[in-house]
Amino acid sequence: MENSMPVSAPTEIELKLALPPSQLDALLRHAVLADTPPGQQQLANTYFDTPAGDLASARIAVRLRQVDDRILQTVKTAGQGGGGFSSRQEWEWQVPEAQIDHIALAALPPFQESLAPVIKDLRPTLRTDFIRRSWQLDWQGNHIELVLDEGEIVSNGAQAAICEVELELQAGEPEALWSLALRLAEEMPLRPSDTSKAARGNALGAQQWPLPEASTPAQWLHRATVALDAYHDSSLPEHLNAAQQALGTLATHPDLDARARNDAETLVAALSHDGQPTAAYGVAALNLAHRFAYQTTLR
């Protein structure tokens, strides 16, 4: 089998939502999915970085993924967005064996300058193994792939559960992602998530969950979202406290108009003491994230 060299960098546009495991049946019974049979795959993924964490610092992920008898190499850049929404560059191509394709990697724009010398130092750092169920949806004239991932992240001996929904735009307008997400969130407690599986694994392995600084409303929502991601992976109460404080600051931010302030106040009230959202939380968070989209750099 010959290598298939990456020739372009399509933009991945998606919305990611954390789903409590107790709500899996509710999602599978949802009317949006009722008439569409899902595909199912077992995905085994290995992420690579240098001992110094150069890729994590640059917010770039390099991954080998085994799907049936195929092995795919993927490179993802840092995204823009917030509140679960992201837009990022992604390259993916098939490789003949479970070894990093250094030559193709060196040809990609992210590795043309300061990262070029570290390619030789890449080594496995974490794994994500999960079952992926996927539905191809025609939503308001747009093609959206809805995927449900269930499994775990393993990094440096630590583990965290994966239970998340991703809505990826295949064809059409990004607005369709928001309307579909809101349709789902009206009936179940979905929580927007801003932290990629790779970033979650890096934090888990280091047992360090740094939070982004914030001053604008979009940044405070992003900080709260990342803090909740950190809390659910670490169970450390300081991250839940940080999320609650960020939401409180957001709700009183002078730059919010009346409608946004109402949604922000809903977030404060609709987050339970154990960091689980209600359906009202998901709807309010998506409403705000929709207004703030593209305003923050994601992990």
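Above this text is the structure in question.
Definitions and cut-offs
- Residues numbered from 1 in each chain as written.
- Predicted model: local features only at pLDDT ≥ 70, side-chain atom pairs only at ≥ 80, totals over all residues.
- Heavy atoms only, no water.
- Salt bridge = Lys/Arg side-chain N within 4 Å of Asp/Glu carboxyl O.
- Buried < 20%, exposed > 50% of the residue type's maximum accessible area, 1.4 Å probe, protein only.
- Helix = DSSP H or I, 4+ residues; strand = E, 2+ residues; numbered from the N terminus.
- Pairing = 2+ DSSP bridges.
- Core = buried A, V, L, I, M, F, W, Y, C linked by side-chain atoms within 4.5 Å.
- Contact = heavy atoms within 4.5 Å.
- Phe/Tyr/Trp six-rings, centres within 6.5 Å; stacked < 30°, edge-to-face > 60°.
- Lys NZ or Arg CZ within 6 Å of the ring centre and 35° of its normal.
- Axes fitted to C-alpha atoms, helices over the stretch in contact; angles between N-to-C directions.
- Parallel < 35°, antiparallel > 145°, perpendicular 65-115°, else oblique.
- Left-handed = near helix turned anticlockwise from the far one by under 90°.
- Nonpolar A, V, L, I, M, F, W, Y, C, P; charged D, E, K, R; others polar.
- Lys, Arg positive; Asp, Glu negative; His and termini not counted.

J.: Looking at this structure, how should I read the pattern of salt bridges?
T.: For side chains of opposite charge, pairing can occur when their charged atoms come near one another. If you walk through the whole model with that rule in mind, you get 15 salt bridges. Residues R127 and D129 are paired through a salt bridge, measuring 2.9 Å at the closest nitrogen-oxygen approach. Of the residues examined, R127 reaches a relative accessible area of 35% and is grouped as partly exposed. Owing to a relative accessible area of 24%, D129 belongs among the partly exposed residues under this scheme. With its nearest N and O atoms 3.8 Å apart, the salt bridge here joins R200 to E164. Highlighted residues: R200 in helix α5 (residues 197-206) and E164 in strand β9 (residues 158-171), separated in sequence by 36 residues. Judged by relative accessible area, R200 falls into the buried class, the value being 10%. Where salt bridges share partners, they join R132, D149, E164, E166, K197, R200 and D233 into one cluster.

J.: Sorry if this is basic, but what is going on with the pairing of strand β7 (residues 123-139) here?
T.: One face of the sheet, then the other: side chains in a regular strand alternate in exactly this way. Taken together, the 11 bridges between strand β2 (residues 39-49) and β7 define a ladder with antiparallel strand orientation. Of the residues in β7, the one forming a bridge with Q40 is R133. Pairing of β7 with strand β8 (residues 142-155) involves 13 bridges; the strand directions are antiparallel. Pairing of L137 across the sheet is with I144, part of β8. With antiparallel pairing between neighbouring strands as the criterion, β7 and β8 make up a hairpin whose turn holds two residues, including Q140 at a positive phi of roughly 55°.

J.: Explanation requested: the pairing of β9 in the structure shown.
T.: Pairing of strand β1 (residues 11-18) with β9, which is carried by five bridges, proceeds in the antiparallel orientation. Across the sheet, the residue bridging to L17 is V165, located in β9. Linking β8 to β9, which pair antiparallel, is a turn of two residues; within it N156 sits at a positive phi near 55°.

J.: It is not clear to me how the nonpolar core should be interpreted in this structure. Could you clarify?
T.: Across soluble globular proteins, nonpolar side chains show a tendency to be buried alongside one another. Core analysis: the largest hydrophobic core is formed by 59 residues, its most contacted members being L15, L19, L167, L250 and L267. The leading source of residues in this core is helix α6 (residues 217-234), at eight residues. In this structure, L19 is in contact with L24, L27, L148, C163, E164, V165, M188 and L190, ignoring residues within four places of it in sequence.

J.: Explanation requested: the packing of aromatic side chains in the structure shown.
T.: When we look at a pair of aromatic rings, we describe it by the centre distance and by the angle of the planes. Going through the model one piece at a time under the given rule, you end up with zero aromatic pairs. For K197, the ring lying beneath its charged end belongs to F130, and the centroid distance is 5.0 Å.

J.: Where do I start with the packing of helix α8 (residues 258-269) against helix α9 (residues 279-292) in this structure?
T.: A packed helix pair is summarised by two numbers, namely the angle formed by the two axes and the spacing between the axes. The contact between α8 and α9 brings their axes to 8 Å, and the two run at 140°. Relative to α9, α8 is oriented oblique. Crossing of α8 over α9 shows left-handed handedness. Listed contacts from α9 to R259, A260, D263, A264, T266 and L267 of α8 are A280, Y281, A284, A285, N287, L288 and R291. Considered class by class, the residues forming the contact of α8 with α9 number eight nonpolar, two polar and three charged.

J.: Can you help me understand the side chain of D263 in this one?
T.: Looking at where D263 falls in the secondary structure, it is placed in helix α8. For the buried residue D263, which engages in no salt bridge, the nearest side chain bearing the opposite charge is R259, 5.0 Å off. What D263 contacts, discounting residues up to four positions off in sequence, is A284, N287 and L288.

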